[in-house]
Amino acid sequence: MLTGITGTPGSGKTTVAETLRKRGIRVLDLKTTVSPFVIGNEDDSDIIDTDAWADSVIKSGIDGFAEGMLAHYLPCDKLIILRCRPDVLKERLNSRGYSSEKIRENAEAEALDVILIEAVNAYKPEQLFEIDTTNIDAEKTADLILAFTEGKLPAAFGSIDWSEYVMNL
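Worth saying up front: this structure is predicted, and the values here are computed from it rather than measured.

1. Examining the overall build of the protein
Across its full length, the protein holds six helices and seven strands. The helix and strand sequence of the protein, counted from the amino end, reads β-α-β-β-β-α-β-β-α-α-α-β-α. Taken over C-alpha atoms, the radius of gyration comes to 15 Å for the protein, in line with the 15 Å a tight globule of 169 residues would show. Referenced to the eigenvectors of the C-alpha coordinate spread, the extents of the protein come out at roughly 40 × 40 × 30 Å. Once local pairs closer than 6 in sequence are excluded, the contacts in the protein between residues at least 24 apart make up 76%. Side chains of the protein carry 18 positive and 29 negative charges; the gap between the two charge centres is 5 Å.

Written out as structure tokens, the structure reads:
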């Protein structure tokens, strides 16, 4: 079974993946798999041949968890979408040294539900679980992820609304 963990940069993917690893759970860092599939660069962002990349990851026989902002391009059995309130996301990305343009771009993507919409268009509702990481730590997030993947929590998405932040970005 393959479970993807996706979300906007700064939503907590890497942190929760590390928490899962500390619990002895295998989590593939998808960032380590994309470099052969970069076909260009635009506005300081790599352009990736996502179809070829996904085919390669699938052919590798991946099982367990896969973490990265492209996870929703894989044929996962379950998909976790991590979300973070745009104002908090901006702070997280600023602390990482992101440019003001990249911070705005990612905060807008989060406010407009870009990754969630892509996930909803690619997956069945029962496969999706959305988590607001704004005010919970990685341990609690990991607990929720495991509960969903183990069938202890039902699918849930669509209740997070950041639209009020769109005008303030």
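Read on for the rest.
2. What to know about helix 5 (residues 114–122)
One turn of the α-helix equals 3.6 residues, which is why residues spaced by three or four share an orientation. Residues Ile115, Leu116 and Ala119 constitute the buried set of helix 5. Taken end-on, helix 5 shows its buried residues confined to a sector of 100 degrees, consistent with a single buried face. Those residues of helix 5 hidden inside the fold are in contact with strand 1 (2–7), strand 6 (78–83) and strand 7 (128–132).

3. Some words on the environment of Leu93
In this structure, Leu93 sits in helix 3 (residues 86–95). In this structure the C-alpha to C-alpha distance between Leu93 and Lys13, which are 80 residues apart in sequence, comes to 13 Å. Dropping the residues within four chain positions of it, Leu93 is found in contact with Pro9, Gly10, Tyr98, Ile103 and Asn106.

4. Some words on the layout of surface pockets
Counted as a void, the largest pocket has a volume near 970 Å³. Taken together, 32 residues form the lining of the largest pocket, with Pro9, Ser45, Met69, Leu70 and Asn106 sitting closest to its centre. Those elements that provide at least two residues to the lining of the largest pocket are helix 1 (13–22), strand 4 (45–48), helix 4 (100–111) and helix 5. Tallied by class, the residues present in the lining of the largest pocket amount to twelve nonpolar, eleven polar and nine charged.

5. Digging into the sheet that holds strand 7
One key point about sheets: their strands pair by backbone hydrogen bonds, in either a parallel or an antiparallel sense. The parallel open sheet is built from five strands, whose spatial order is 2-5-1-6-7. Every interior strand has two partners, whereas the edge strands, strand 2 (27–29) and strand 7, have only one. Geometrically, the sheet is characterised by an average inter-axis angle of 20 degrees between neighbouring strands, direction not taken into account. Taken together, the four bridges between strand 1 and strand 5 (residues 64–67) define a ladder with parallel strand orientation. Following the sheet pairing, Gly4 is matched in strand 5 by Ala66. Running over the sheet, helix 5 touches strand 1, strand 6 and strand 7 and is turned about 165 degrees from strand 6.

6. Some thoughts on a negative patch on the surface
Among the surface-exposed residues, Glu42, Asp43, Asp44 and Glu101 lie close enough to one another that they form a single negatively charged patch. Within the secondary structure, Glu42 is located in strand 3 (residues 38–42).

Conventions we followed
- Residues numbered from 1 in each chain as written.
- Predicted model: local features only at pLDDT ≥ 70, side-chain atom pairs only at ≥ 80, totals over all residues.
- Heavy atoms only, no water.
- Helix = DSSP H or I, 4+ residues; strand = E, 2+ residues; numbered from the N terminus.
- Rg over C-alpha atoms; globule rule 2.2 N^0.38 Å.
- Contact = heavy atoms within 4.5 Å.
- Lys, Arg positive; Asp, Glu negative; His and termini not counted.
- Charge placed at Lys NZ, Arg CZ, Asp CG, Glu CD.
- Buried < 20%, exposed > 50% of the residue type's maximum accessible area, 1.4 Å probe, protein only.
- Arc of directions from axis to C-beta.
- 1 Å grid on protein atoms, 1.4 Å probe; cavity = no way out; pocket = protein on both sides within 12 Å on 5 of 7 lines; lining within 4 Å.
- Points joined across faces, edges and corners; volume = space filled by probe spheres on them.
- Nonpolar A, V, L, I, M, F, W, Y, C, P; charged D, E, K, R; others polar.
- Pairing = 2+ DSSP bridges.
- Axes fitted to C-alpha atoms, helices over the stretch in contact; angles between N-to-C directions.
- Patch = residues over 30% accessible without salt bridge, like charges linked within 9 Å, V, L, I, M, F, W, Y side chains within 5 Å.
- Areas by Shrake-Rupley, 256 points an atom, 1.4 Å probe, with all protein chains shown as cover.
- Salt bridge = Lys/Arg side-chain N within 4 Å of Asp/Glu carboxyl O.

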